[in-house]
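These are the residues of each chain, in order.
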Amino acid sequence: NLFATTFFLTSIATLVSAFDNQRWRTLGIVGAFYIVELLLKIVARMAPKLHWLMYATFLAAYEPQSLVIYPDTAWQVSLRNDGTLLVLGFAAYVAAAIVFHRRDIPAPL
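Attention in this report is confined to the structure presented alongside it.

1. Here's the deal with the side chain of Asp-82
Position of Asp-82 relative to the elements: it lies in helix 4 (residues 74–102). Among the polar contacts listed, one links the side chain of Asp-82 to the side chain of Asn-1, at a separation of 2.5 Å. Those residues within four positions of Asp-82 in sequence are excluded, and the remaining contacts are Asn-1 and Ala-4.

2. Some words on helix 4
Relative to the 42 Å expected for 29 residues at 1.5 Å per residue, helix 4 spans 42 Å between its end C-alpha atoms, a close match to the ideal helical length. For helix 4, the full list of buried residues reads Ala-74, Val-77, Ser-78, Asn-81, Asp-82, Leu-85, Gly-89, Ala-92, Ala-96 and Val-99. Next to the buried residues of helix 4 lie helix 1 (2–19) and helix 3 (64–69).

3. Some details on the packing of helix 1 against helix 2 (residues 23–46)
The contact between helix 1 and helix 2 brings their axes to 9 Å, and the two run at 135°. When the axes of helix 1 and helix 2 are compared, the pair comes out oblique. Our pair here, helix 1 against helix 2, has a crossing hand that is right-handed. Residues Phe-8, Leu-9, Ile-12, Ala-13, Val-16 and Ser-17 of helix 1 touch helix 2, and the partners they reach there are Thr-26, Ile-29, Val-30, Phe-33 and Tyr-34.

4. A few points about the environment of Ala-18
Tracing the backbone shows Ala-18 in helix 1. You can call Ala-18 buried: its relative accessible area is 5%.

5. Considerations on a nonpolar patch on the surface
A surface patch of nonpolar side chains, about 580 Å² in accessible area, is lined by Tyr-34, Ile-35, Leu-38, Leu-39, Ile-42 and Met-46. Note on placement: Tyr-34 falls in helix 2.

6. Observations regarding the nonpolar core
By size, the foremost hydrophobic cluster in this structure holds 14 residues, and its most contacted members are Phe-8, Ile-12, Phe-58 and Leu-85. Those elements giving two or more residues to this core turn out to be helix 1 and helix 4. Per-element accounting of this core gives the leading share, six residues, to helix 1. Non-local contacts of Phe-58, meaning those with residues more than four positions away in its chain, are made with Thr-5, Phe-8, Leu-9, Phe-33, Tyr-34, Glu-37 and Leu-85.

7. Notes on the pattern of salt bridges
Under the defined criterion, the tally for this structure stands at three salt bridges. Between Lys-41 and Glu-63 there is a salt bridge, with the nearest N and O atoms lying 3.2 Å from each other. Residue Lys-41 is located in helix 2, and its partner Glu-63 is located in the loop between helix 2 and helix 3; the two are separated by 22 residues in the primary sequence. The exposure class of Lys-41 is buried, given its relative accessible area of 12%. Where Arg-45 meets Glu-63, a salt bridge forms, and the shortest distance between an N and an O atom there is 2.7 Å. With a gap of 18 residues between them, Arg-45 in helix 2 and Glu-63 in the loop between helix 2 and helix 3 connect regions that are remote in the sequence. Using a relative accessible area of 48% as the deciding quantity, one classes Arg-45 as partly exposed.

Parameters at a glance
- Residues numbered from 1 in each chain as written.
- Predicted model: local features only at pLDDT ≥ 70, side-chain atom pairs only at ≥ 80, totals over all residues.
- Heavy atoms only, no water.
- Helix = DSSP H or I, 4+ residues; strand = E, 2+ residues; numbered from the N terminus.
- Polar contact = N/O pair within 3.5 Å; in protein donor to acceptor, adjacent residues only side chain to side chain.
- Contact = heavy atoms within 4.5 Å.
- Expected span 1.5 Å × (residues − 1).
- Buried < 20%, exposed > 50% of the residue type's maximum accessible area, 1.4 Å probe, protein only.
- Axes fitted to C-alpha atoms, helices over the stretch in contact; angles between N-to-C directions.
- Parallel < 35°, antiparallel > 145°, perpendicular 65-115°, else oblique.
- Left-handed = near helix turned anticlockwise from the far one by under 90°.
- Patch = residues over 30% accessible without salt bridge, like charges linked within 9 Å, V, L, I, M, F, W, Y side chains within 5 Å.
- Areas by Shrake-Rupley, 256 points an atom, 1.4 Å probe, with all protein chains shown as cover.
- Salt bridge = Lys/Arg side-chain N within 4 Å of Asp/Glu carboxyl O.
- Core = buried A, V, L, I, M, F, W, Y, C linked by side-chain atoms within 4.5 Å.

Here is the structure:
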């Protein structure tokens, strides 16, 4: 589960990097993205009426505690969650390759 989450985050960083030529701005955008996603997950867990926010964050698929709490269904949950993150990660890598292939990035100043 941790590998799939890390794979997804690196693919998002690669996608953002394909659009930009400044390293620090890319890191800032990816960091802000992660913080917003984390806040969405926290708010969704705190307020039962806002549980629908879990569908807006990729961190809903990062649930390693469910693998320990429910060992009987761990493979099914892991396959669903990890599969979601891996598919989204591959999609982001494909999008980054398309953007990078079509774009000539100038050297940073």
